[in-house]
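Each chain, written out:
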Amino acid sequence: MMGSDLGRRIGKREPFETKQEEALLGLARTADRMQARVARLLKEHGLTPAQYNVLRILRGLGRPTPILEVAQSMLTETPGITGLIDRLEKLELVRRERCERDRRVIFVVLGPRAADVLTGLDGPMAELRTALFAGLSPSDLATLVRLLDRVREPLEGP
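Note that the structure is predicted; figures quoted are calculated from it, not measured. (Residues numbered from 1 in each chain as written. Predicted model: local features only at pLDDT ≥ 70, side-chain atom pairs only at ≥ 80, totals over all residues. Heavy atoms only, no water.)

A. Quick look at the nonpolar core. Of all hydrophobic cores here, the largest spans 26 residues; its most connected members are Leu47, Val54, Leu55 and Leu121. Only helix H2 (19–44), helix H3 (49–61), helix H4 (67–73), helix H5 (81–90), strand S3 (106–110) and helix H6 (114–132) provide two or more residues apiece to this core. A total of six residues in this core trace back to one element, the largest contributor, which is H6. Two domains each put at least three residues into this core: domain 1 (1–44) and domain 2 (45–152). (Core = buried A, V, L, I, M, F, W, Y, C linked by side-chain atoms within 4.5 Å. Buried < 20%, exposed > 50% of the residue type's maximum accessible area, 1.4 Å probe, protein only. Helix = DSSP H or I, 4+ residues; strand = E, 2+ residues; numbered from the N terminus. Domains from an automatic or database assignment.)

B. Fine view of the side chain of Glu22. Note on placement: Glu22 falls in helix H2. Classification of Glu22 as buried rests on a relative accessible area of 14%. At 2.8 Å, the side chain of Glu22 and the side chain of Lys19 are in polar contact. (Polar contact = N/O pair within 3.5 Å; in protein donor to acceptor, adjacent residues only side chain to side chain.)

C. The domain arrangement of the protein chain, seen in detail. Split into domains, the protein chain comes out as domain 1 (1–44) and domain 2 (45–152). Centre-to-centre separation of domain 1 and domain 2, based on C-alpha positions: 25 Å. Of the residues lining the interface, 10 residues belong to domain 1; the matching set on domain 2 comes to 14 residues. Across the domain 1/domain 2 interface, buried area totals approximately 1,000 Å², and carbon plus sulfur atoms make up 78% of it. Contact with domain 2 buries surface across domain 1, with Met34, Leu41 and Leu42 losing the most and accounting together for 55% of the total. Summed over the shared surface of domain 1 and domain 2, the result is zero salt bridges. For the pair domain 1 and domain 2, the number of links is six residue pairs in polar contact (both at pLDDT 80 or more). A class-by-class count of the residues in the side of domain 1 that touches domain 2 yields six nonpolar, one polar and three charged. (Contact = heavy atoms within 4.5 Å. Buried area = accessible area lost by both parts, 1.4 Å probe. Salt bridge = Lys/Arg side-chain N within 4 Å of Asp/Glu carboxyl O. Nonpolar A, V, L, I, M, F, W, Y, C, P; charged D, E, K, R; others polar.)

D. Molecular detail of the packing of H2 against H6. At a closest axis distance of 11 Å, the pairing of H2 and H6 adopts a crossing angle of 160 degrees. The angle between H2 and H6 places the two elements in the roughly antiparallel class. Between H2 and H6 the crossing geometry is right-handed. Facing H2, whose interface residues are Met34, Arg37, Val38, Leu41 and Leu42, H6 presents Leu121, Pro124, Met125, Leu128, Ala131 and Leu132. The residue inventory of the contact of H2 with H6, partitioned by class, reads 10 nonpolar, no polar and one charged. (Axes fitted to C-alpha atoms, helices over the stretch in contact; angles between N-to-C directions. Parallel < 35°, antiparallel > 145°, perpendicular 65-115°, else oblique. Left-handed = near helix turned anticlockwise from the far one by under 90°.)

E. Layout of the sheet that holds strand S1 (residues 65–66). Spatial ordering of the open sheet is given by S1-S3-S2, a layout of three strands whose pairing is antiparallel. Pairing within the sheet leaves two strands with one partner each, and these edge strands are S1 and strand S2 (94–98). Of the pairings in the sheet, the one linking S1 to S3 comprises two bridges and is antiparallel in character. Note that in S3 the partner of Thr65 across the bridge is Val108. Contacts from H3 reach S1, S2 and S3 within the one sheet, and its direction differs from that of S3 by about 90 degrees. (Pairing = 2+ DSSP bridges.)

F. A look at the environment of Lys19. Here Lys19 is to be found in helix H2. Of the residues examined, Lys19 reaches a relative accessible area of 56% and is grouped as exposed.

Listed below in structure tokens is the structure:
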């Protein structure tokens, strides 16, 4: 079949005006469906996607990290980073440490419970990723990643 069935799925009666319109709506719908699946999985573990993202960033960096650096590394724009860190702190998943050299800088550090929570999510997240991309070959995935990078590049700047 040529093209996609997006128009039919969203109840569009006329063809898309441009391929850009179809691509934009297709990305939005795909991102929404994938995020919903991720959010359901994380909810089972008592986390939101933003909270999981913070924990994933801190684990990946492996060091105390300034709050602003965490905010800049987030997958989605997160204006309420302080409140997000507050909620993670209440769950004992992170803690704050003040920088000794510059008292204005606050670091975020993984808390004692975070390793268990993240380890418990590693398998289910891997299974979900596999399921979400089951219809794509390794070559298709490489192409998708390359194309998404090209689309995103002018939006993120240097």
